Amino acid sequence: MIKHLTFAAALGIFALSPVNAQSGEEAASDAASDAIDAMEDAVATAGDAAEIVMEEGTAPPQLIEFDLLQNKPSDYPAASWVNGEEGTAYYELAVDANGAVTDCTIIDSAGHAALDAKTCEIAMERAKFLPAQDENGMPIAGTHRDYQVWRKREPQFPGSATIHVQFTATAEGRIEDCEVIEIAGEIGDRMRRTMEDEPCPGMNRNVQPPYRDEEGNPVTRRVDLMIVVKTEELTD
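Description of the structure in this document.

Conventions adopted
- Residues numbered from 1 in each chain as written.
- Predicted model: local features only at pLDDT ≥ 70, side-chain atom pairs only at ≥ 80, totals over all residues.
- Heavy atoms only, no water.
- Pairing = 2+ DSSP bridges.
- Helix = DSSP H or I, 4+ residues; strand = E, 2+ residues; numbered from the N terminus.
- Axes fitted to C-alpha atoms, helices over the stretch in contact; angles between N-to-C directions.
- Contact = heavy atoms within 4.5 Å.
- Disulfide = S-S within 2.5 Å.
- Buried < 20%, exposed > 50% of the residue type's maximum accessible area, 1.4 Å probe, protein only.
- Phe/Tyr/Trp six-rings, centres within 6.5 Å; stacked < 30°, edge-to-face > 60°.
- Lys NZ or Arg CZ within 6 Å of the ring centre and 35° of its normal.

**A few points about the sheet that holds strand S9 (residues 142-150)**
Okay, so step 1: Taken in spatial order, the three strands line up as S5-S4-S9 in an open sheet, and their pairing is antiparallel. Two strands bound the open sheet, and with one partner strand each, they are strand S5 (101-108) and S9. On average, each strand axis in the sheet is inclined to that of its neighbour by 30°, with strand direction left out of account.
Okay, so step 2: Two strands pair when backbone bridges link them, and strand S4 (residues 87-95) and S9 are joined in this way by nine bridges, in the antiparallel orientation. What sits directly across from Glu92, in S9, is Arg145.
Okay, so step 3: Contacts from helix H3 (residues 113-126) reach S4, S5 and S9, with the element oriented near 150° to S5.

**Focus on the state of the cysteines**
Okay, so step 1: For the structure shown, the criterion picks out two disulfides.
Okay, so step 2: Bridging Cys178 to Cys200, the disulfide has an S-S length of 2.0 Å. Across the S-S bond linking Cys178 and Cys200, the dihedral sits near 80°, which makes this disulfide right-handed. Separated by 22 residues along the polypeptide, Cys178 in strand S11 (residues 175-185) and Cys200 in the loop between helix H4 (189-197) and strand S12 (211-212) bring together distant segments of the chain.
Okay, so step 3: On the basis of relative accessible area, Cys178 is assigned to the partly exposed category, the value being 29%.

**Focus: the packing of aromatic side chains**
Okay, so step 1: All chains considered together, the criterion is met by two aromatic pairs.
Okay, so step 2: Summarising the aromatic geometry, the rings of Tyr76 and Trp150 are spaced 5.4 Å apart at their centres and angled 80° between planes, so their arrangement reads as edge-to-face. With Tyr76 in the loop between strand S3 (62-64) and helix H2 (78-83) and Trp150 in strand S9, this pair connects stretches of sequence that are 74 residues apart. With respect to class, Tyr76 is no different from Trp150; both count as buried.
Okay, so step 3: Over the ring of Trp81 we find Lys152; its NZ or CZ atom is 4.1 Å from the centre of that ring.

**A word on the sheet that holds strand S10 (residues 161-169)**
Okay, so step 1: Spatially, three strands are ordered S11-S10-S14 in an open sheet, and the strand pairing comes out antiparallel. The open sheet terminates on both sides in strands that have one partner only, identified here as S11 and strand S14 (221-229). Within the sheet, the average angular offset between the axes of one strand and its neighbour, ignoring direction, is 10°.
Okay, so step 2: Where S10 meets S14, nine bridges bridge the pair, whose relative direction is antiparallel.

**Considerations on the pairing of S5**
Okay, so step 1: Of the strand pairs in this sheet, S4 and S5 are connected by six bridges, and their pairing is antiparallel. When the bridges of S5 are listed, Tyr91 appears paired with Ile106.
Okay, so step 2: Here S4 hands over to S5 after five residues, with Gly99 in that stretch at a positive phi of 85°.

In structure tokens, the structure reads:
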């Protein structure tokens, strides 16, 4: 009998030991089926998901070091980054009885060939597994399904930029009277959103350490903060 168990894939694929009812124990068998059905219903609403297909009495391959399968910023294919290509690639890995990945198949494309190819390249090179097991606990070949999310991310400061703000740091540890003099240049989208939300550091916090005079007493000060960013390409 084959059970299809669907798990939220945000934390990877988890193994589940199936419940084997003894012959003739119909009540226990019904309870086990109800438990599996309830789990399937619960996780079906978890959003993006990966699927494990396993035969009753067996255990699927177990992923070791889930983080190894996640793409790094430097993994982004150059042409895809320039062209602004993004997407999510769903794939299936064939895992042999030694836990080695022998094949990668894209089962739902990210929409861009370069992203699909890089997805399988990462999985084939980095994935590590404990092999699947049969009903006797012996290693066997199995499959693992997962997905790779590709989202373009820029540096905080892709090029030259200037940030110039003034604010008052009170003796009570509050930031007040924030004034934006200039925010200009090449600033990444995430950094720009951060600067728009909190241009003066600490202004959205309740309190922070105050300035102090030579005797150690808290004092109020007006702060003029300027950050100048310059980038240049290094050559060999």
